[in-house]
Amino acid sequence: MQSSNKKLDARVPQSEIGRVYDEIASVYNMWGRLTETKARSRALELAEIQDGQHILEVAVGTGLAFYEIVRRNPHGRNLGIDLSKGMLEKAKQRLQILGSANYSLQVGTAFHLQEEDESMDTLVNNYMFDLIPFEAMGRILAEFKRVLKKGGKLILVNMTEGERWGSRVYDRIYNWSPKLMGGCRGVMLRDTLHQHGFKVETREYHQQLLFPSEVIRAYKSV
Ligand SMILES: C[S@@+](CC[C@H](N)C(=O)[O-])C[C@H]1O[C@@H](n2cnc3c(N)ncnc32)[C@H](O)[C@@H]1O
C-alpha cells in the first residue's frame, strides 16, 4: 500500500497552480513532446475511443491528448477542463483546425466537476495527480467516480517514481525547486485507486529521456 509519509508530497499549493501553468504555457509543448509523448500515446491506445462516446479530459493542458480524443470521437461529446487559462488558450489554438461542433474547453477544477452523475463513458487525466497533495487525492477520485457511468473507464498518466537508472533525477530537481518541475513529483496511484472504488486493469511504466511515467487503465467498480 502507498504510504504518503515517506513519499514526496505536493509543495506548490493548488491556489498557485493556475498562475504557474499560465507562465509556462508557451514552453509546455516542448517539454511534453520530449518527455511524455510515449506515455501519452499509450494512454490514447488504452482509451480505445469509439466514436459517439461522452469523454471528459480533466487537466487538459495545451490539448496534446485532447486533440487526438476529439479527432477520434467526431460524433461524440468531448469536454476538456483545466485550472490554467494560459494552457487552455493553447489548447483552443490547437483545436481550431477541427472546428468547434463537438467539444468544449472550459476553466474548471478536478475538485468540483460540472458534469452530471454517471454521464461519462471515459475520463482521461494526464500528469495532474503528480501535483496534488496525497490528502486531497480521494476527493478528486470521488468526483471522477461520480461523473463516470457504471463500469466507465478511467485513463490516467502520472509522473511516477523512477524504476530505472537515472530516472530519480527529476525528483531531485523537484526537491531543489518544485516550481522548476511545474510542481510535479513522482506518484504511484494503483493502491489509491483501489481504495476509492476503481478496479485497476493495467499499470505500465514508461520512461522517456529518463522521465518516469505510469499509464493506468482502470474502471469504476460497480
Ligand atoms: C503537467 S500539466 C499536464 C497537462 C496535460 N494533461 C498534458 O498531459 O499535457 C498539469 C496540468 O494540470 C492542471 N491542473 C492542476 N491541478 C488541477 C485541478 N485541480 N483541476 C484542473 N486542472 C488542474 C494544470 O493547470 C496543468 O495544465
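Our subject in this report is the structure included herewith. Just so we're clear, the structure is a prediction, and the values are computed from it rather than from any experiment.

## Quick notes on the site of the ligand
Neighbouring the ligand are 21 residues; Gln14, Ala59, Asp82, Ala110 and Asn126 lie closest to it. A distance of 2.8 Å separates a nitrogen atom of the ligand from a polar side-chain atom of Gln14. Taking Ala110, its main chain carries an N or O atom lying 2.9 Å from a nitrogen atom of the ligand. If you map the ligand onto the pockets, it falls in the largest pocket. It is helix α1 (residues 14-47) that contributes the most residues to the shell around the ligand, five residues altogether. Taken together, the residues of the shell around the ligand break down into 13 nonpolar, six polar and two charged.

## Describing the nonpolar core
One finds Val58, Leu123, Met128, Phe129, Phe144, Leu154 and Leu193 to be the most contacted residues of the largest nonpolar core, which totals 30 residues. Elements with a minimum of two residues in this core: β1 (54-58), β2 (77-82), β4 (120-126), α4 (134-147), β5 (148-159), β6 (198-208) and β7 (211-220). If you tally residues by element for this core, the top one is α4, at seven residues. Once residues within four sequence positions are removed from consideration, Leu154 is found in contact with Leu123, Leu141, Phe144, Leu148, Leu193, Phe198, Ile216, Arg217 and Ala218. Counting residues in hydrophobic clusters, the runner-up holds 28 residues, among them Val12, Leu46, Ile55 and Val157.

## Focus on the environment of Leu56
Following the sequence through the fold, Leu56 ends up in strand β1. Looking at Leu56, the relative accessible area reads 0%, which means it is buried. Taking C-alpha positions, Leu56 is 15 Å from Tyr219, a pair spaced 163 residues apart along the chain. Ignoring any residue separated from it by four or fewer positions in sequence, one finds Leu56 in contact with Leu79, Leu113, Glu115, Met120, Thr122, Leu123, Val124 and Val147.

## Concerning the pattern of salt bridges
All chains considered together, the criterion is met by 21 salt bridges. Residue Glu45 is joined to Arg42 by a salt bridge in which the shortest nitrogen-to-oxygen separation is 2.7 Å. Placement of the pair is Glu45 and Arg42 together in helix α1, with a separation of three residues, close to one helical turn. Among the charged side chains, a salt-bridge network with shared partners connects Glu16, Arg19, Glu23 and Lys179.

## Here's the deal with the side chain of Arg203
Inspection of the secondary structure assignment puts Arg203 in strand β6. Polar side-chain contacts of Arg203 include one of 2.9 Å to the side chain of Thr160. A polar side-chain atom of Arg203 sits 2.8 Å from a polar atom in the side chain of Glu214. Contacts of Arg203, omitting those with residues within four sequence positions, involve Thr160, Glu163, Met188, Arg190, Glu214, Val215 and Ile216.

## Quick notes on the pairing of β1
Burial of β1 is extensive: four of the five residues sit out of reach of the surface. Bridge analysis of β1 against β2 gives five bridges, and the strand direction is parallel. Its bridge partner being in β2, Ile55 is matched across the sheet by Asn78. As for the winding sense of the linkage, the β-α-β connection from β1 through helix α2 (residues 64-72) to β2 is right-handed. Bridging between β1 and β4 involves four bridges; their strand directions are parallel. Paired with Glu57 across the bridge in β4 is Val124.

Rules used in this analysis
- Residues numbered from 1 in each chain as written.
- Predicted model: local features only at pLDDT ≥ 70, side-chain atom pairs only at ≥ 80, totals over all residues.
- Heavy atoms only, no water.
- Near = heavy atom within 4 Å.
- Polar contact = N/O pair within 3.5 Å; in protein donor to acceptor, adjacent residues only side chain to side chain.
- 1 Å grid on protein atoms, 1.4 Å probe; cavity = no way out; pocket = protein on both sides within 12 Å on 5 of 7 lines; lining within 4 Å.
- Sits in = over half its atoms within 2 Å of the grid points.
- Helix = DSSP H or I, 4+ residues; strand = E, 2+ residues; numbered from the N terminus.
- Nonpolar A, V, L, I, M, F, W, Y, C, P; charged D, E, K, R; others polar.
- Core = buried A, V, L, I, M, F, W, Y, C linked by side-chain atoms within 4.5 Å.
- Buried < 20%, exposed > 50% of the residue type's maximum accessible area, 1.4 Å probe, protein only.
- Contact = heavy atoms within 4.5 Å.
- Salt bridge = Lys/Arg side-chain N within 4 Å of Asp/Glu carboxyl O.
- Pairing = 2+ DSSP bridges.
- Right-handed = clockwise from strand over helix to strand, strands pointing away.

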